[in-house]
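# Structural features, examined
Residue strings, one per chain:
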Amino acid sequence: MAQRTYLKALNWAFLFLEERDKEREAARFLLSGLQHWSNTQLVLNYQSAMPEVLWQQYQAAIQAFAQDQPAQYILGYADFYGREFKVTPATLIPRPETEELVEWVLTTHPDVNQTLKVLDVGTGSGAIANTLALERPNWQVTAVDISTDALNVAQENAQQLQSGVHFEQGDFLAPVNGQQFDIIVSNPPYIADSERAVMDASVLEYEPDIALFAAQDGLDFYERFAKEVLPYFEPTAELFLEFGYQQKPNIEKLFTSYSSDISLEFKKDLANWPRMMRGSYNFTNNLI
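Right, let's walk through the structure included here.

Take the layout of surface pockets next. Taken as a whole, the largest pocket spans an internal volume of roughly 820 Å³. What lines the largest pocket is a set of 31 residues, among which Tyr-190, Ile-191, Glu-195, Tyr-245 and Arg-275 lie closest to the centre. Listed by contribution, the elements that provide at least two residues to the lining of the largest pocket are helix 6 (96–108) and helix 10 (209–212). Classifying every residue of the lining of the largest pocket gives 17 nonpolar, seven polar and seven charged.

A complete count under the given rule lists 19 salt bridges for this structure. The residue Glu-238 makes a salt bridge to Arg-278 at a minimum N-O spacing of 2.5 Å. Taken as a pair, Glu-238 in strand 7 (residues 233–242) and Arg-278 in strand 9 (residues 274–282) lie far apart in primary sequence, 40 residues in all. Each member of the pair Glu-238 and Arg-278 is classed as buried. Where Glu-265 meets Arg-278, a salt bridge forms, and the shortest distance between an N and an O atom there is 3.1 Å. Taken together, the residues Glu-265 in strand 8 (residues 262–268) and Arg-278 in strand 9 connect sequence positions 13 residues apart. According to the relative accessible area criterion, Glu-265 is partly exposed, its value standing at 36%.

Our next topic: the side chain of Arg-28. Its place among the elements puts Arg-28 in helix 2 (residues 26–35). A relative accessible area of 19% means that Arg-28 is categorised as buried. At 3.0 Å, the side chain of Arg-28 forms a polar contact with the side chain of Glu-25. Of note is the side chain of Arg-28, whose polar atom sits 2.8 Å from the side chain of Tyr-46. Other than its neighbours up to four places away in sequence, Arg-28 contacts Leu-10, Phe-14, Asn-39, Leu-42, Tyr-46 and Tyr-58.

Taken N-terminus to C-terminus, the directions of helix 1 (residues 6–19) and helix 2 make an angle of 140°; their axes are 8 Å apart at the nearest point. Considering the angle they form, helix 1 stands oblique to helix 2. Note that helix 1 runs across helix 2; the crossing there is right-handed. On helix 2, the residues that touch Tyr-6, Leu-10, Ala-13, Phe-14 and Leu-17 of helix 1 are Ala-26, Ala-27, Arg-28, Leu-31 and Gln-35.

On to helix 8 (residues 148–161). The end-to-end C-alpha distance of helix 8, which contains 14 residues, comes to 20 Å, matching closely the 20 Å that a straight helix rising 1.5 Å per residue would cover. When we look at burial in helix 8, the residues that qualify are Ala-150, Leu-151, Val-153, Ala-154, Asn-157 and Ala-158. What you see down the axis of helix 8 is that its buried residues fit within an arc of 160°, all on one side. Among the exposed residues of helix 8, those pointing more than 90 degrees away from its buried face are Asp-149, Gln-159 and Gln-160.

By convention here, two paired aromatic rings are described through the distance between centres and the angle between planes. Applying the stated criterion across every chain yields a total of eleven aromatic pairs. Measuring from centroid to centroid gives 6.1 Å for Phe-172 and Phe-221, while their planes differ by 55°, and the two rings are tilted. Of this pair, Phe-172 sits in the loop between strand 5 (166–169) and strand 6 (181–186) while Phe-221 sits in helix 11 (residues 220–228), and the two are 49 residues apart along the sequence. Overall, Phe-221 belongs to the buried group, its relative accessible area being 18%. Counting every residue linked through ring pairs, the aromatic cluster contains Trp-12, Phe-16, Trp-55 and Tyr-58.

The rules we used
- Residues numbered from 1 in each chain as written.
- Predicted model: local features only at pLDDT ≥ 70, side-chain atom pairs only at ≥ 80, totals over all residues.
- Heavy atoms only, no water.
- 1 Å grid on protein atoms, 1.4 Å probe; cavity = no way out; pocket = protein on both sides within 12 Å on 5 of 7 lines; lining within 4 Å.
- Points joined across faces, edges and corners; volume = space filled by probe spheres on them.
- Helix = DSSP H or I, 4+ residues; strand = E, 2+ residues; numbered from the N terminus.
- Nonpolar A, V, L, I, M, F, W, Y, C, P; charged D, E, K, R; others polar.
- Salt bridge = Lys/Arg side-chain N within 4 Å of Asp/Glu carboxyl O.
- Buried < 20%, exposed > 50% of the residue type's maximum accessible area, 1.4 Å probe, protein only.
- Polar contact = N/O pair within 3.5 Å; in protein donor to acceptor, adjacent residues only side chain to side chain.
- Contact = heavy atoms within 4.5 Å.
- Axes fitted to C-alpha atoms, helices over the stretch in contact; angles between N-to-C directions.
- Parallel < 35°, antiparallel > 145°, perpendicular 65-115°, else oblique.
- Left-handed = near helix turned anticlockwise from the far one by under 90°.
- Expected span 1.5 Å × (residues − 1).
- Arc of directions from axis to C-beta.
- Phe/Tyr/Trp six-rings, centres within 6.5 Å; stacked < 30°, edge-to-face > 60°.

Structure (structure tokens):
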């Protein structure tokens, strides 16, 4: 029997996925991911013998992907800002747009010695909160989520990465009632229920509805932020939010209608869609 190499396994997976009209590059992603290899490491090992245990795992992973299970859930982790984060069906899979949101927060506050109090609302896997805490060790970062299962994952990630993030369970801002922060950041649910028909089957079947969909055509949490966030801010503070690519006009209207103390800035993602908001508040002349 001919030796099974990594390249032969990869070619088998390419064909398997192509025959089922699935994304063939997932074959490379899963094989690299199972080994925690870069693409370069995979290429360097093309002609190496593949262990039987790994071959069995790889076949199962490819078959699961062909049945619409997201690759990150198959692997049990997702890459985010250069680190691996555990993910499960209790948490949203972190997206590149959220990395851009984190980058915006960090570039706005480049001083690594600065001490700020930061809150991540709806933390999910904890990707935002843990990354901010690790990139800015002097920041005091708190993260909240309504889902106990999601918080368990976020806390596992915090322990693994030794980030020092503090976690609270509960709805929206209620867990931190009475506290104030310099920065509040969130990637809240923002998909309207009417959009289900055009969404990928893998997202609908496996990712948590509670982290995806929101009432009022996806605007529910933005209205809640606009109405309720002010008492949670220090005299000067910032609110960073991710949102859907068509939601900018409605979000801008919401925030300007609820507060005259806010200065809004919007940022486009790498696909040139407006996807992020920065709201700067200054209450020094009108303390709440």
